[in-house]
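Descriptive structure summary
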Amino acid sequence: MKIANLIRPLVRELHAYVPGEQPKIAGLIKLNTNENPYPPSPKVLSAVKKAVDGRFRLYPNPTSQPLRQKLAAIHGCGTENVIVGNGSDELLALAIRAFVEPAEVSKGSRSIVQYFTPSYSLYPVLADTHGATKNTVPLGKHFALPTPSELKRGKQWDFKAALSFVTTPNAPSGRGYGRAELEELCKAQKGVLILDEAYVDFAKENALELALKYPNVIISRTFSKAYSLCFQRVGYFIGHPELISALDKIRDSYNVNGLGQVAAVATLDDLEFYRGNFKKVIATRERLSSELASLGFTVSPSEANFVFAKPVKFSAQEWLKKLRDRKILVRWFGYPETKDFLRITIGTDKEADAFLRAVRQILAK
Ligand SMILES: *Cc1c(COP(=O)(O)O)cnc(C)c1O
């Protein structure tokens, strides 16, 4: 028996998502996966510890109701506008399954998953997994968001695409987009438009109100990056109740685990703590950016918890290795539009200092 024949051809040929490494190396400085360098609030940790008891035998709340109520109150919408997922990645996958036809079922715009390049490298994997058609359009100069009229002139963007993603602030460039320019696209777009705001707490503006104003627009948020909760896997969407309930129909019945719900609720009860962390990350980001620029790196202005920088003297791929030799992990993406850059997660000030020390050593060699 040829085992490979037991697997769908689509899956056999699929290129899976490649997450940043999580190696166990003593003394490693990990600036490769945009994790927050600061631990969650002590109140969050104690809420989780308190929940570790006999209730493990019970299923968690199937609709994450207490968490959705809190999110709705904070964002000024109804609980019917909110769905919680096992990380926002789960919800992004559900959105493709709910809104996009596989190409073998329907051709044209109905089967299109569309996004700008560069952006989040999970979108193509999710589209391929579903057998959808991918449509990509390059961002403008310095990773600018093309205006609707530029997109019309370019003829490549499909305003009727079943589903489009905009990563805002953009990953991996860190470039932030204003609410006004995003609104232009929201107005022009006929299909579902997801504004992926994974990094928005580090940005100047957010676009939440657009998801409450335009029925085809959804905002995606996560507790992973700004709220130091990667480990627990909690993300959410805000959008029109009809879109949200379509997603709700196809999710797993208990998609968000109990401790994740507890941790996320406790996080929302202590937002002041996190605002302090955002400020620290932003201050370190600005310092790292200007020091790297003074060493000759071209640093893309960032509104996220990472910077995207084009190094000098060696190729970005060589820098990746030289930094790794010094136990510093950053991220490099080998796509044509990203291969000249390193993506460096903002760590603590101490980590930033160690990183800059290593950069100076490498430059001096
Ligand atoms: C990290 C990230 C996510 C996913 O976050 P989850 O941990 O699955 O909630 C989504 N979009 C972008 C752009 C990200 O960088």
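Keep in mind the model is a prediction, meaning the values are calculated, not measured. (Residues numbered from 1 in each chain as written. Predicted model: local features only at pLDDT ≥ 70, side-chain atom pairs only at ≥ 80, totals over all residues. Heavy atoms only, no water.)

Right, let's talk about the sheet that holds strand S3 (residues 112–117) for a bit. Here 7 strands make up an open sheet; going across it, the order is S2-S8-S7-S6-S5-S3-S4 and the pairing mixed. Edge positions in the sheet fall to strand S2 (82–85) and strand S4 (133–138), since each has one partner strand and no second. Between one strand axis and the next, the sheet turns through 20 degrees on average, direction left out of account. Pairing geometry for strand S6 (residues 192–196) and strand S7 (residues 217–222), over 4 bridges, is parallel. Within the sheet, the bridge partner assigned to Ile194 lies in S7 and is Ile218. Docked against the sheet, helix H4 (residues 88–99) engages S2, S3, strand S5 (163–167), S6, S7 and strand S8 (235–238), running at close to 45 degrees with respect to S8. The sheet contacts of helix H7 (residues 179–188) involve S3, S5, S6 and S7, and relative to S6 the element is tilted by about 160 degrees. (Pairing = 2+ DSSP bridges. Helix = DSSP H or I, 4+ residues; strand = E, 2+ residues; numbered from the N terminus. Axes fitted to C-alpha atoms, helices over the stretch in contact; angles between N-to-C directions. Contact = heavy atoms within 4.5 Å.)

Taken in spatial order, the 3 strands of this open sheet run S9-S10-S12, and their pairing is antiparallel. Every interior strand has two partners, whereas the edge strands, strand S9 (298–299) and strand S12 (342–345), have only one. Taken together, the 2 bridges between S9 and strand S10 (residues 306–310) define a ladder with antiparallel strand orientation. Bridging across to S10, Thr298 finds its partner in Lys310. Along the sheet, helix H11 (residues 271–294) makes contact with S9, S10 and S12, crossing S10 at roughly 10 degrees.

Summed over the entire model, instances satisfying the criterion amount to 21 salt bridges. Two residues, Asp248 and Arg251, come together in a salt bridge whose shortest N-O distance is 2.7 Å. For Arg285, the salt bridge identified is with Glu286, shortest N-O distance 2.9 Å. Judged by relative accessible area, Arg285 falls into the buried class, the value being 5%. (Salt bridge = Lys/Arg side-chain N within 4 Å of Asp/Glu carboxyl O. Buried < 20%, exposed > 50% of the residue type's maximum accessible area, 1.4 Å probe, protein only.)

Looking now at the environment of Ala266. Position of Ala266 among the secondary structure elements: in helix H10 (residues 258–268). On the accessibility criterion, Ala266 (9% relative accessible area) is buried. In this structure the C-alpha to C-alpha distance between Ala266 and Val48, which are 218 residues apart in sequence, comes to 8.5 Å. Each residue touching Ala266, except ones within four places of it in the same chain, is listed here: Lys43, Val44 and Ala47.

In this section: helix H13 (residues 349–364). For H13, spanning 16 residues, the distance from its first C-alpha to its last is 22 Å, which sits close to the expected 22 Å at 1.5 Å a residue. Those residues of H13 that sit buried are Ala352, Ala354, Phe355, Leu356, Ala358, Val359 and Ile362. (Expected span 1.5 Å × (residues − 1).)

The local shell around the ligand consists of Gly87, Ser88, Asp89, Tyr120, Thr167, Asp196, Ala198, Tyr199, Thr222, Ser224, Lys225 and Arg233. Here an oxygen atom of the ligand and a side-chain polar atom of Thr222 are 2.5 Å apart. One of the side-chain nitrogen or oxygen atoms of Arg233 is found 2.6 Å away from an oxygen atom of the ligand. Counted by class, the shell around the ligand contains 3 nonpolar, 5 polar and 4 charged residues. (Near = heavy atom within 4 Å. Polar contact = N/O pair within 3.5 Å; in protein donor to acceptor, adjacent residues only side chain to side chain. Nonpolar A, V, L, I, M, F, W, Y, C, P; charged D, E, K, R; others polar.)

Moving on: the domain arrangement of the chain. Segmentation of the chain into domains returns domain 1 (3–40 + 272–364) and domain 2 (42–271). In this assembly, 34 residues from domain 1 lie in contact with 36 residues from domain 2. For domain 1, the biggest contributors to the area lost against domain 2 are Tyr17, Tyr274 and Glu303; these three give 26% of the whole. One can count 1 salt bridge joining domain 1 with domain 2. With its nearest N and O atoms 3.6 Å apart, the salt bridge here joins Glu303 to Lys204. The interface formed by domain 1 and domain 2 includes 13 residue pairs in polar contact (both at pLDDT 80 or more). (Domains from an automatic or database assignment. Buried area = accessible area lost by both parts, 1.4 Å probe.)

Attention now goes to a nonpolar patch on the surface. Together, Met1, Ile3, Leu6, Ile7 and Val11 line one region of the surface with nonpolar side chains, adding up to about 550 Å² of accessible area. With respect to the element layout, Ile3 can be found in the segment before helix H1 (9–12). (Patch = residues over 30% accessible without salt bridge, like charges linked within 9 Å, V, L, I, M, F, W, Y side chains within 5 Å. Areas by Shrake-Rupley, 256 points an atom, 1.4 Å probe, with all protein chains shown as cover.)

A few words now on the packing of H4 against helix H9 (residues 241–250). Where H4 meets H9, the closest approach of the two axes is 9 Å, and the angle between their N-to-C directions is 100 degrees. The angle between the axes of H4 and H9 places the two elements in the roughly perpendicular class. Seen from H4, the contacting residues are Leu94, Ala95, Arg97, Ala98 and Phe99; seen from H9, they are Leu243, Ala246, Leu247 and Ile250. When the residues that make up the contact of H4 with H9 are grouped by side-chain class, the tally is 8 nonpolar, no polar and 1 charged. (Parallel < 35°, antiparallel > 145°, perpendicular 65-115°, else oblique.)

Turning our eyes to something else, we now look at the packing of H11 against H13. Pairs of packed helices are described in terms of their axes, by the angle between the two and the distance that separates them. The N-to-C vectors of H11 and H13 enclose an angle of 10 degrees; their axes lie 10 Å apart at closest approach. Classified by the angle between their axes, H11 and H13 sit roughly parallel to one another. Contact residues: Thr284, Arg287, Leu288, Glu291 and Leu292 in H11; Asp349, Ala352, Asp353, Phe355, Leu356, Val359 and Arg360 in H13. Residue composition of the contact of H11 with H13, by class: 6 nonpolar, 1 polar and 5 charged.

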